[in-house]
Amino acid sequence: MADPAPGRLAYIERRLLAATTVVLLTVALVVQAGLNGHVLFTAASSRTELVVYGVLAVLGGGCAIALYVRGRIPGPVRVAGLAVLACCSVAGSGVLPSQPALPPGHWSIGLIGWYGLVLLYDLAIGWVVAFLLTHVAVTGWPVLADLSPTAAYDMAVGLVSVGGFQLGVALSARLVRSTAAGAFRTSRAEERLRIREEEAAAAARSHERRYADLRSTTIPLLAGLADGALDPRVETVRRRCAVEAARMRRLLNDGHGATDRLAHELGAIIDVAERHGASVHLTVRGTPGELPEHVRRELLAPISEALVTARSQARVTVLHAPDGVRVSARCAAPELPITPPAGGVALVESVTDGQVWLETSWRSQ
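Conventions used here
Residues numbered from 1 in each chain as written. Predicted model: local features only at pLDDT ≥ 70, side-chain atom pairs only at ≥ 80, totals over all residues. Heavy atoms only, no water. Pairing = 2+ DSSP bridges. Helix = DSSP H or I, 4+ residues; strand = E, 2+ residues; numbered from the N terminus. Axes fitted to C-alpha atoms, helices over the stretch in contact; angles between N-to-C directions. Contact = heavy atoms within 4.5 Å. Patch = residues over 30% accessible without salt bridge, like charges linked within 9 Å, V, L, I, M, F, W, Y side chains within 5 Å. Areas by Shrake-Rupley, 256 points an atom, 1.4 Å probe, with all protein chains shown as cover. Salt bridge = Lys/Arg side-chain N within 4 Å of Asp/Glu carboxyl O. Buried < 20%, exposed > 50% of the residue type's maximum accessible area, 1.4 Å probe, protein only. Parallel < 35°, antiparallel > 145°, perpendicular 65-115°, else oblique. Left-handed = near helix turned anticlockwise from the far one by under 90°. Right-handed = clockwise from strand over helix to strand, strands pointing away.

(A) Up close: the sheet that holds strand β2 (residues 313-321). With mixed pairing, the five strands of this open sheet are ordered in space as β1-β2-β3-β5-β4. Looking at which strands have only one partner, the edges of the open sheet turn out to be β1 (279-285) and β4 (346-352). Strand after strand, the sheet turns through a mean of 10 degrees between neighbouring axes, direction not considered. Here β4 runs beside strand β5 (residues 355-363); their pairing, made up of seven bridges, is antiparallel. Note on β5: the bridge partner recorded for Glu349 is Leu358. Of the strands in this sheet, β1, β2 and β3 (324-332) are in contact with helix α8 (residues 261-275), which crosses β1 at around 170 degrees. Across the sheet, helix α9 (residues 293-307) is in contact with β2, β3, β4 and β5; its angle to β5 comes to roughly 180 degrees.

Rendered as structure tokens:
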């Protein structure tokens, strides 16, 4: 499976940028209705100003609908909005008063810049810079050309102040992205901690269950040996001791970090068998999958009973398949019968010439 981390980081970044875009759109609408609403009620407003004002209001409504429905500004809306802003910038430049400051008559300069931020905020900063420079040049150049050098300087300072402030707001996108990355790292750290805690709790529960199983089999065996009720010279008792030793070894060697826990537990059984004089060859094939604990226990229980009493060569094979797993063993036939597994695990047993062939299998479906 692919690592979902890059996708999650992009998701957090998109949400933060979308939220900031909503704030910028709110600012643009407030500036248009609150600070520049006088355009609608001033007799001096020209037809061009009224048209530009109305078109910008429609653009703001369209952006609001896009953000509500899609959570972002789609590409077609962005392109169409930029074309509308370019037309408004050109049209507005023809009716700007030739004055050195930025009186109410210059209202379109700042408002168009705010709408440009709404459309371009989630893109690279270069797009915002190019838009603001083009907008200021288109709207300011005709006015600057009609002013004296001193008045033109004052007008340029005003234009740079408006455009510079909006550029500073655009630069905050970098802060938003760094905030998204920081929130993502914190989320990942909390998730890893939660997973480790859950794994530790699951391991503790697993050990408690397996210790409980040992108490029902190992303690009676030890008690019988201690009080003399069981004779260690009897083959049945020795076999029980070997089986319980293999179970305890599996529990003590329980490796939750192992890639193949089935083969890891089987290695503990083989270690006990080799301590009793057997020579075991293990082969593992296929890609290991996640197996329930009771399935691993039932898969290995018959194999363990056969191996721990073997005193000669033995061969064990583990085959992992996409739909299940098989464990087979060939060794000297034990004197006592093998206990059949439970929990949906099948057992096939065949004895020929003093050799037993066992296969336990489990299917996931």
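The discussion continues.
(B) Local environment of the environment of Gly37. The topology assignment puts Gly37 in the loop between α1 (5-35) and α2 (47-70). Spatially, the C-alpha atoms of Gly37 and Trp107 are 9.8 Å apart, while their sequence positions differ by 70 residues. Ignoring sequence-local partners within four residues, the contact set of Gly37 consists of Gln32 and Tyr53.

(C) Seen up close, a nonpolar patch on the surface. On the surface, a nonpolar cluster with roughly 350 Å² of combined accessible area is contributed by Leu40, Phe41 and Leu50. Mapped onto the elements of the fold, Leu50 is located in helix α2. Relative accessible area serves as the criterion here: at 37%, Leu50 is assigned to the partly exposed category.

(D) Broad picture of the packing of helix α3 (residues 75-93) against helix α4 (residues 107-120). Where α3 meets α4, the closest approach of the two axes is 10 Å, and the angle between their N-to-C directions is 170 degrees. Considering the angle they form, α3 stands roughly antiparallel to α4. Considering how the two elements wind past one another, α3 and α4 form a crossing that is left-handed. Counting all contacts with α3, which are made through Val77, Arg78, Gly81, Leu82, Leu85, Cys88, Ser89 and Gly92, the residues of α4 involved are Ser108, Ile112, Tyr115, Gly116, Leu119 and Leu120.

(E) Spotlight on the side chain of Ser361. Structurally, Ser361 can be placed in strand β5. In this structure Ser361 comes out as buried when scored by relative accessible area, which is 18%. Excluding residues that lie within four positions of it along the chain, Ser361 makes contacts with Leu299, Val325, Arg326, Gly344, Val345 and Ala346.

(F) How the structure looks around the pairing of β2. Two elements, β1 and β2, share seven bridges in a ladder whose sense is parallel. Paired with Val280 across the two strands is Ala314, which belongs to β2. As for the winding sense of the linkage, the β-α-β connection from β1 through α9 to β2 is left-handed. In this structure, β2 lies alongside β3, joined through seven bridges in antiparallel fashion. Following the sheet pairing, Leu319 is matched in β3 by Arg326. The antiparallel hairpin formed by β2 and β3 contains two residues in its connecting segment.

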